[in-house]
Amino acid sequence: MSAIVPVGVNADPVNRTATRWGRGRRRTSRAASIAAIAIALVWLFPVYWMIISAFKNEVDLETTPPQFFPTRFTLSEFTSAFHDGFLSALWVSILVSLTVVAFSMVLALFASLAVARFRFRGRAFLLVLLLVFQMVPFEALLIPIFIELNKAGLVFTIPALIIAYIAPTLPFTIWTLRGFVAGVPTEIEEAAWTDGCSRTAAFWKVLFPLIAPGLVATSIFAYILAWNEFAYANVLTNNADATLPVWLEAFINPSRPIPWGELMAGSVLFTIPVMVFFLIIQRRLSAGMTAGAVKG
Amino acid sequence: MSAVEGPLRATPRRRFGGSARHDDLTPSGTPRGSRRLVATWVPYALVSPSMLVLLLIIGFPLIFALVISFQDFNAFQLVSGGPIQWVGFQNYQRAISTDLLPVLVRTVLFTVANVGLTMGIGFALALLMRRAGKWPRILLSVSLVVVWAIPQVTATEIFQWLFDYAFGVVNWVLTQIHLGGFQYHDWWSNPVSLLGIATLIVVWGAVPFVALTLFAGLLQIPDDLYEAARVDGAGFWSQLRAITVPLLLPILLLLTTLSVLWDSRVFTQIYFLQQQGGIPSDTNLFGLWAYETSFAGQEYGKGAAISMLSAAILLIVTAVAVRQMVKSAATA
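Residues numbered from 1 in each chain as written. Chains lettered and ligands numbered in written order. Predicted model: local features only at pLDDT ≥ 70, side-chain atom pairs only at ≥ 80, totals over all residues.

## Things to note about the overall build of chain A
Of the regular secondary structure elements, chain A holds 14 helices and zero strands. Starting at the N terminus and walking to the C terminus, you meet the elements of chain A as α-α-α-α-α-α-α-α-α-α-α-α-α-α. When each of the 296 residues of chain A is scored for burial, the buried share is 45%. Long-range pairs, those at least 24 residues apart, make up 78% of the contacts in chain A between residues at least 6 apart in sequence. (Helix = DSSP H or I, 4+ residues; strand = E, 2+ residues; numbered from the N terminus. Buried ≥ 20, exposed ≤ 12 C-beta atoms within 10 Å, placed from the backbone. Contact = placed C-beta atoms within 7 Å.)

## Concerning the overall build of chain B
Helix and strand content of chain B: 14 helices and two strands. Put simply, of all contacts in chain B between residues at least 6 apart along the chain, 65% involve residues at least 24 apart.

## As for the environment of Ile220 of chain A
Counting through the fold element by element, Ile220 of chain A comes out in helix H10 (residues 199-228). Expressed as a C-alpha distance, the spacing of Ile220 of chain A and Leu170 of chain A, which sit 50 residues apart in the sequence, is 13 Å.

## What to know about the interface of chain B and chain A
How big an interface is tends to be reported as the loss of accessible area on association of its parts. The interface is formed by 90 residues belonging to chain B together with 88 residues belonging to chain A. Ranked by residue count, the leading element in the side of chain B that touches chain A is helix H2 (residues 37-68) of chain B, at 17 residues. For the side of chain B that touches chain A, the residue count by class is 59 nonpolar, 22 polar and nine charged. (Nonpolar A, V, L, I, M, F, W, Y, C, P; charged D, E, K, R; others polar.)

## Some words on the domain arrangement of chain A
Residue and element names in this part refer to chain A. Here chain A is partitioned into domain 1 (30-74) and domain 2 (85-295). With seven residues of domain 1 in contact, the opposing surface of domain 2 contributes six residues. Here the element with the most residues in the side of domain 1 that touches domain 2 is helix H2 (residues 30-55); it accounts for four residues. Among the residues forming the side of domain 1 that touches domain 2, the class breakdown is four nonpolar, one polar and two charged. (Domains from an automatic or database assignment.)

## Topic: the confidence of the model for chain B
Residue and element names in this part refer to chain B. Here chain B averages 85 in pLDDT, while 86% of its residues score no lower than 70. Per-element averaging of pLDDT across chain B places helix H1 (residues 2-15) at the bottom with 38 and helix H6 (residues 152-162) at the top with 97. In the model, residues 1-38 has pLDDT below 50 throughout and makes 36 contacts with residues more than four positions away in sequence or in other chains. Two summary scores accompany this predicted model of the complex, namely pTM at 0.85 and ipTM at 0.85. (pLDDT = per-residue confidence, 0-100.)

## Thoughts on unusual backbone geometry
The omega torsion of the bond from Thr64 of chain A to Pro65 of chain A falls at -5°, within 30 degrees of zero and hence cis. Looking at where Pro65 of chain A falls in the secondary structure, it is placed in the loop between helix H3 (58-61) and helix H4 (76-83). The phi torsion at Tyr184 of chain B lies on the positive side, around 60°, for a residue other than glycine. For Tyr184 of chain B, a count of 10 C-beta atoms within 10 Å corresponds to the exposed category.

## Looking at the packing of H6 of chain B against helix H11 (residues 268-275) of chain B
Packed helix pairs are characterised by how far apart their axes lie and by the angle those axes make with each other. All names here are of chain B. Orientation of H6 relative to H11, taken along the N-to-C sense of each, is 40°, at an axis distance of 9 Å. Between H6 and H11, the angle is such that the two are oblique. Relative to H11, the crossing made by H6 is right-handed. Contacts from Gln152, Val153, Thr156 and Gln160 of H6 reach H11 at Thr268, Gln269, Phe272 and Leu273. A per-class count over the contact of H6 with H11 returns three nonpolar, five polar and no charged. (Axes fitted to C-alpha atoms, helices over the stretch in contact; angles between N-to-C directions. Parallel < 35°, antiparallel > 145°, perpendicular 65-115°, else oblique. Left-handed = near helix turned anticlockwise from the far one by under 90°.)

## Overview of the confidence of the model for chain A
In the predicted model, chain A carries a mean pLDDT of 84, and 86% of its residues have values of at least 70. Within the model, the stretch residues 285-296 of chain A combines pLDDT values under 50 with 17 contacts to residues more than four positions away or in other chains.

## Description of the packing of H2 of chain A against helix H5 (residues 134-149) of chain B
Two elements in contact, H2 of chain A and H5 of chain B, have axes whose closest approach is 8 Å; the angle formed by their N-to-C orientations is 25°. Regarding the angle of H2 of chain A to H5 of chain B, the classification is roughly parallel. Taken as a pair, H2 of chain A and H5 of chain B cross one another with a handedness that is left-handed. Along its contact with H2 of chain A, which presents Ser33, Ala36, Ile37, Ile39, Ala40, Trp43, Leu44 and Val47 of chain A, the element H5 of chain B presents Pro136, Arg137, Leu139, Leu140, Ser143, Leu144, Val146 and Val147 of chain B. Of the residues that constitute the contact of H2 of chain A with H5 of chain B, the class distribution is 13 nonpolar, two polar and one charged.

## Points about the environment of Thr175 of chain B
Counting through the fold element by element, Thr175 of chain B comes out in helix H7 (residues 169-176). In this structure the C-alpha to C-alpha distance between Thr175 of chain B and Ile306 of chain B, which are 131 residues apart in sequence, comes to 42 Å.

## Some words on helix H13 (residues 286-295) of chain B
Since the α-helix turns once every 3.6 residues, residues separated by three or four places project in the same direction. A large share of H13 of chain B lies buried, amounting to eight of its 10 residues. Those residues of H13 of chain B that fall on the buried side of the exposure criterion are Phe286, Gly287, Leu288, Trp289, Ala290, Tyr291, Thr293 and Ser294 of chain B.

In structure tokens, the structure reads:
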């Protein structure tokens with residue numbers, strides 16, 4: 001849960017660069033191009049290694065020298081992952097992540113509207129509080145949360161994990177959504193009021209569609225946070241309802257040989273949703289929709 | 001107050017077609033001083049559910065953590081709810097007298113190494129992308145985005161496989177290029193090599209964000225500036241010193257602060273490597289130390305004391321960094 005970005009998600013480098021590439025006239029050099037290609041390949045190599053290890057024939061997996069370009073492929077490592085409880089861990093992970101997202105998004109939408117659209121006594125204090133909450137080190141929270149959940153008889157259950165995950169997710173979602181709401185000029189809503197819209201109707205008909213991409217992006221970020229989290233899940237769940245990261249960690253056991261093929265197959269399956277989601281927000285994050293609304 | 005302000009506000013309100021009920025929705029950033037009765041309860045109603053939840057699951061636990069850091073709270077108290085003893089600063093004293101100094105030094109060195117490498121490599125890659133041709137640049141940025149999306153858990157397990165003692169690619173390559181006999185080399189029993197590989201995993205995963213953000217920043221700098229510098233005979237380094245670094249300074253400072261926050265709290269990567277045969281007491285950073293004291297050693301009181309110490313240290317460091325950032329933003 002440490003990868004929380006307090007600056008907001010708006011700073012999307014890839015999309016911003018896309019609009020700038022047309023400027024041209026930049027001096028490029030062949031050496032830089034070759035270096036860029038080489039570094040890209042080096043950087044991607046671990047990912048490539050994970051993927052081919054997951055699909056390699058068992059005989060080809062552990063060889064000296066290692067096989068860099070396998071010719072025989074199999075899905076048997078994936079089958080063993082399914083046999084060893086992948087699906088139950090997947091179900092827990094999905095359930096926990098979706099519930100956390102649903103709770104935090106509903107709460108955060110209201111809170112971010114208040115912070116971005118109203119001026120009220122205590123607003124500045126609230127904003128500082130949200131920043132401070134994002135800085136709280138997780139293990140300082142985990143100890144008391146664990147003890148309290150234990151007292152309530154909830155520890156080692158799925159609700160325990162959901163409750164614990166809202167702690168780091170909610171401040172982050174409020175903060176990020178606040179940015180998206182503040183990014184929509186009030187003039188648009190005010191125009192709707194002029195046309196006789198009630199404030200609630202203006203919210204649903206005007207503001208809500210405009211912040212919808214922000215809602216999607218923030219939900220995905222929150223989902224990824226919960227999906228990837230390990231430290232809380234390791235303490236707050238038992239084997240029966242382990243999340244995927246805890247399930248993956250259980251393979252690392254010094255007392256027996258690590259089944260690398262199966263582990264890589266599990267890692268591939270665990271990573272695919274994150275990868276897909278991440279690519280979605282890369283595209284969606286551009287503020288183009290709002291900009292168009294203002295111009296049009 | 002409203003009697004004085006009423007007529008003054010009449011004009012702008014009419015422009016927005018306002019009947020009275022619109023006043024409470026004043027745009028942020030343009031304070032108009034309109035505090036009507038309608039306005040007062042709406043925002044509070046909107047924030048109160050979130051605030052209630054946050055107080056329950058962050059505020060209250062924080063206070064509770066502070067409380068148990070002064071108690072003898074172990075497995076016995078956890079299971080039986082048994083008698084709780086107040087022990088004053090004993091937990092803090094035990095934390096300070098046992099491992100505080102080595103853990104502090106280790107955390108600082110690890111953070112400095114990780115932040116330095118991430119920022120250095122990230123900056124270099126951003127500069128490189130600026131000079132590379134179109135397709136190499138796209139290839140590099142796509143690779144960086146892919147790696148950026150890789151979860152820490154996955155990243156760590158890939159590197160554990162790459163550094164496997166028997167069939168890991170790294171041992172094979174190192175032996176192949178005659179760097180020594182790395183066949184069956186165990187990377188985990190030595191604390192320095194374990195933390196070195198943890199650094200590798202962290203830097204590999206953290207560089208994309210830094211590189212792409214800095215690259216986006218670089219593209220905001222007009223090429224004319226560099227053209228002019230080149231005409232004046234400025235070389236690569238003087239262009240870097242006179243144009244690039246000063247203009248990117250706010251982004252550089254922000255990224256450095258974030259990296260310090262994240263890297264000083266590295267957890268998953270080191271924990272996984274420890275599970276494969278590392279020695280926890282020789283490789284723990286602050287967070288791991290508190291975690292293992294509490295949940296492996298079941299000394300919740302001491303664990304809470306360690307968390308409080310680390311939170312205090314981190315707070316001081318960040319406060320200094322943030323002040324520095326605000327100052328430089330003010331002068332820039």
